[in-house]
Amino acid sequence: MTLIQTAVHTVGVALFGYSLYYDLLYVHPSPELLAEKKRFQVAKLWPGKWKYLTIWNVVLQLAYHVIALLNDLVGSSELNTKRQTFLQKLRDGYFASWVFPTGMLVSLLFWGLYSIDRQLIFPVEMDSFYPCWLNHAVHTGPILSLTIDSHFVPKSYPSRTIGVSSNILFTAIYSSW
């Protein structure tokens, strides 16, 4: 465990925790915008914001950074699998199976589509109620934190079978939602 690992995970908990809190409690289209634009009315229907992979990704990132911070404080950071704590195995498996693929997908797809045609993914009308800092926190933050974490935190990856089957499970859960 290094100070850099602990700092990265502490910043991750703060960033994704506050982003999720702010997004769920304070980000809502105005009644005028809802009346004017039919496409924003769908945001009020069930399951609301939970239908977006971005929100799921923020939850995954937050959970990962909480687990990783706990591991930094009371777990291990061993490459030898026989000396790893449960927290480290959980952190490494969760990172490889769900957090990394989902975080990269969300960041790369969002910014790729945004650069092609902003209206496809983040219409200009959203600027009136969705702060710029939050957009970057939930769409740029994951790719930055994953890149930094991959560089500074040693990991033991699960077997291909476990990793792929876990990822398929997550995809099935999200798709059925």
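Please refer to the structure placed before this passage.
Remember, predicted model here, so these are calculated numbers, not experimental data. (Residues numbered from 1 in each chain as written. Predicted model: local features only at pLDDT ≥ 70, side-chain atom pairs only at ≥ 80, totals over all residues. Heavy atoms only, no water.)

Draft legend 1. A look at the side chain of Thr54. Checked against the element boundaries, Thr54 lands in helix H3 (residues 53-74). Using a relative accessible area of 17% as the deciding quantity, one classes Thr54 as buried. A polar atom in the side chain of Thr54 sits 3.1 Å from the side chain of His139. If we skip the residues at most four places from it in the chain, Thr54 touches Val106, Val138 and His139. (Helix = DSSP H or I, 4+ residues; strand = E, 2+ residues; numbered from the N terminus. Buried < 20%, exposed > 50% of the residue type's maximum accessible area, 1.4 Å probe, protein only. Polar contact = N/O pair within 3.5 Å; in protein donor to acceptor, adjacent residues only side chain to side chain. Contact = heavy atoms within 4.5 Å.)

Draft legend 2. Quick look at the pattern of salt bridges. Throughout the structure, instances matching the rule amount to four salt bridges. A salt bridge links Lys49 to Asp23; the nearest nitrogen and oxygen atoms lie 2.8 Å apart. Of the two residues, Lys49 is situated in the loop between helix H2 (31-36) and H3 and Asp23 in helix H1 (residues 3-26); the sequence distance between them amounts to 26 residues. Take Lys49 and Asp23: they sit in the same class, and that class is buried. Put simply, Asp149 and Lys155 hold a salt bridge, and the shortest N to O gap is 2.5 Å. (Salt bridge = Lys/Arg side-chain N within 4 Å of Asp/Glu carboxyl O.)

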